[in-house]
Amino acid sequence: MCLAVPMRVVDVQGDLGTVELGGLKRQVGLQLLDHVRAGEYVIVHAGFAIQRLDEEDAKKTLELFKSVELGF
């Protein structure tokens, strides 16, 4: 099973970004998106940000994850 997760970008350094979810931070590739900025939400899959997501949609998705006890 593959899972893509909405995460908030906290730092951008060239084509790499640091993303955060629930206190967990990871470095991801930003090569698939143009002009990613800190504070934006992105969908992360297999170590890459694959799509931007507005904050409201990101929070709705994370609430859905919580409702099925994925631990986010």
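About the criteria used
- Residues numbered from 1 in each chain as written.
- Predicted model: local features only at pLDDT ≥ 70, side-chain atom pairs only at ≥ 80, totals over all residues.
- Heavy atoms only, no water.
- Helix = DSSP H or I, 4+ residues; strand = E, 2+ residues; numbered from the N terminus.
- Rg over C-alpha atoms; globule rule 2.2 N^0.38 Å.
- Contact = heavy atoms within 4.5 Å.
- Lys, Arg positive; Asp, Glu negative; His and termini not counted.
- Charge placed at Lys NZ, Arg CZ, Asp CG, Glu CD.
- Polar contact = N/O pair within 3.5 Å; in protein donor to acceptor, adjacent residues only side chain to side chain.
- Patch = residues over 30% accessible without salt bridge, like charges linked within 9 Å, V, L, I, M, F, W, Y side chains within 5 Å.
- Areas by Shrake-Rupley, 256 points an atom, 1.4 Å probe, with all protein chains shown as cover.
- Salt bridge = Lys/Arg side-chain N within 4 Å of Asp/Glu carboxyl O.
- Buried < 20%, exposed > 50% of the residue type's maximum accessible area, 1.4 Å probe, protein only.
- Core = buried A, V, L, I, M, F, W, Y, C linked by side-chain atoms within 4.5 Å.

A look at the overall build of the protein chain
Helix and strand content of the protein chain: one helix and five strands. Its C-alpha atoms give the protein chain a radius of gyration of 11 Å, near enough to 11 Å, the size a compact globule of 72 residues would have. When its C-alpha atoms are laid out on the principal axes, the protein chain stretches across 35 × 25 × 20 Å. By sequence separation, contacts in the protein chain at least 24 residues apart represent 36% of the contacts at least 6 residues apart. Within the protein chain, the 11 negative side-chain charges are centred at a point lying 3 Å from the centre of the 8 positive side-chain charges.

So, the side chain of E20
Tracing the sequence through the fold places E20 in strand 2 (residues 16–21). Engagement of the side chain of E20 in a polar contact is seen with the backbone nitrogen of G22, the distance being 3.2 Å. One polar contact links the side chain of E20 to the main-chain amide nitrogen of G23, over a distance of 2.6 Å. Non-local contacts of E20, meaning those with residues more than four positions away in its chain, are made with M7, R8, V10 and K25.

With respect to a nonpolar patch on the surface
Nonpolar side chains collect at one region of the surface, where L32, F48 and I50 lie side by side and expose about 280 Å² of accessible area between them. Its place among the elements puts I50 in strand 5 (residues 48–53). Residue I50 is classed as partly exposed on the basis of its relative accessible area of 40%.

Quick word on the nonpolar core
The biggest cluster of nonpolar side chains holds 14 residues, and the ones touching the most others in it are M7, V19, V36, V42 and V44. Elements with a minimum of two residues in this core: strand 1 (5–13), strand 2, strand 4 (41–45) and helix 1 (55–67). The element contributing the most residues to this core is strand 1, with three residues. Setting aside residues up to four positions removed in sequence, V42 forms contacts with V5, P6, M7, V9, V19, L33, V36, A49, Q51, R52 and L53.

Don't take any of this as a statement about function, it's just geometry.
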